[in-house]
Amino acid sequence: MSSAPEKFDAWDIKESGPADASTRVLLLPGGMCSTAFYDDLMAAPPLATAPVRLVAATLPGHAGTTPPRDLSMENYAALAGALAAERGCGVVVGHSIGANIALEMAAGGHFAGPVVLLSPAFSASDEDKALAIANSLGRVPGVGMLAWAGLLKLTPRVMVSRLPPARREELTAEFEKNDPAFCRQVIRHYFDYLDRYRDLVARLRDSGVPAWVVRGDHDDVGLSEEERAGLEAIPDVTMVSVPDAGHLVMVDQPVAVAEVVARAALG
């Protein structure tokens, strides 16, 4: 991990909403995803008609973008915190790994909240089993690169059945931009982060920021009963379950998620 914040100016950014809006929201996509995964959310009526500027930023290195030097989650949180400050964003929304980065922005003192966490993992055991297996295989010399190359070829085929027909071609094409070598490294850092802190519910609690934890009712990423009880006991955390939604909750039900984001941004 970097001892000093890394300077990074190669963000891939998409913006919408009034340019002069006083309320600005930073949107961080999930791992191996791009800003395109937020298009439906950004166009949903609760946000499209609100006095809010939306700033979607692909995590550096993901979906074929330029990576930072330091791939640790802590460095990503520092970089995203600097971007939020630069763009005047007072709310951060993160999906999946992007949600964990948003959590770490708050926990690491890079952002004062509020945050909207879409389908985060609060421990390594919560993570999607296919991703966990890919991470384990990725650490095996001579096997790791083959495993990741295979995963990146297979995943778009699996994603097709989980995406709205109108978005399938575009979103799978975005995913196919990923580089196996980068994914192998960054996911290793991500699981190292989960192992390093272990109890991310407590880390969110201790950050003191207002947070919404939003999950689809058939999310592939788990949440243990102990974690759920811990989250429900935090006064500043609001739990939201979205019906008829999986891990890509903001793609499956963009209006429902947009309502939560608008509530976090506008009160």
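See the structure above.
This report concerns the structure included in the present document. (Residues numbered from 1 in each chain as written. Predicted model: local features only at pLDDT ≥ 70, side-chain atom pairs only at ≥ 80, totals over all residues. Heavy atoms only, no water.)

A few words on helix α5 (residues 129–138). Taken together, the buried positions of α5 are L131, A134, N135 and G138. Each buried residue of α5 sits inside an arc of 100 degrees when the element is viewed along its axis, so together they form one side. On its buried side, α5 packs onto α6 (144–160) and α8 (180–197). Where α5 begins, one side-chain oxygen reaches toward the backbone nitrogen of A130, 3.1 Å away; that side chain belongs to D128. (Buried < 20%, exposed > 50% of the residue type's maximum accessible area, 1.4 Å probe, protein only. Helix = DSSP H or I, 4+ residues; strand = E, 2+ residues; numbered from the N terminus. Arc of directions from axis to C-beta. Contact = heavy atoms within 4.5 Å. Polar contact = N/O pair within 3.5 Å; in protein donor to acceptor, adjacent residues only side chain to side chain.)

This paragraph deals with the packing of aromatic side chains. For any pair of aromatic rings, the description rests on two quantities: the centre-to-centre distance and the angle between the ring planes. Within this structure, the stated rule accounts for 3 aromatic pairs. Both rings, one in Y190 and one in F191, keep their centres 5.4 Å apart while their planes meet at 70 degrees; by these two values the pair is edge-to-face. Y190 gets classed as buried once you look at its relative accessible area, which sits at 1%. Residues Y193 and Y197 carry aromatic rings whose centres are separated by 5.3 Å and whose planes lie at 65 degrees to one another, so their mutual orientation is edge-to-face. With Y193 and Y197 both in helix α8, this residue pair falls 4 residues apart, about one helical turn. Accessibility expressed as a relative area gives 0% for Y193, which makes it buried. Owing to a relative accessible area of 26%, Y197 belongs among the partly exposed residues under this scheme. Directly above the aromatic system of Y197 lies the positively charged group of R203, at a separation of 4.0 Å from the ring centroid. (Phe/Tyr/Trp six-rings, centres within 6.5 Å; stacked < 30°, edge-to-face > 60°. Lys NZ or Arg CZ within 6 Å of the ring centre and 35° of its normal.)

Here we take up the side chain of T58. With respect to the helices, strands and loops of the structure, T58 is situated in strand β3 (residues 52–58). There is a polar contact of 3.1 Å between the side chain of T58 and the backbone nitrogen of T35. Setting aside residues up to four positions removed in sequence, T58 forms contacts with W11, D12, P29, C33, S34, T35, A63 and T65.

Before going further, it helps to examine the sheet that holds strand β5 (residues 115–118). Ordered by their spatial adjacency, 7 strands build an open sheet running β1-β3-β2-β4-β5-β6-β7, and the pairing between neighbours is mixed. Bordering the open sheet on either side are β1 (12–16) and β7 (237–242), each of which pairs with just one other strand. Between one strand and the next, the sheet's axes are offset by a mean angle of 20 degrees, whatever the strand orientation. The sheet contact formed by β1 and β3 spans 5 bridges and is antiparallel. Considered in β3, the bridge of I13 is made with A57. (Pairing = 2+ DSSP bridges. Axes fitted to C-alpha atoms, helices over the stretch in contact; angles between N-to-C directions.)

Any link to function would need more than the numbers given here.
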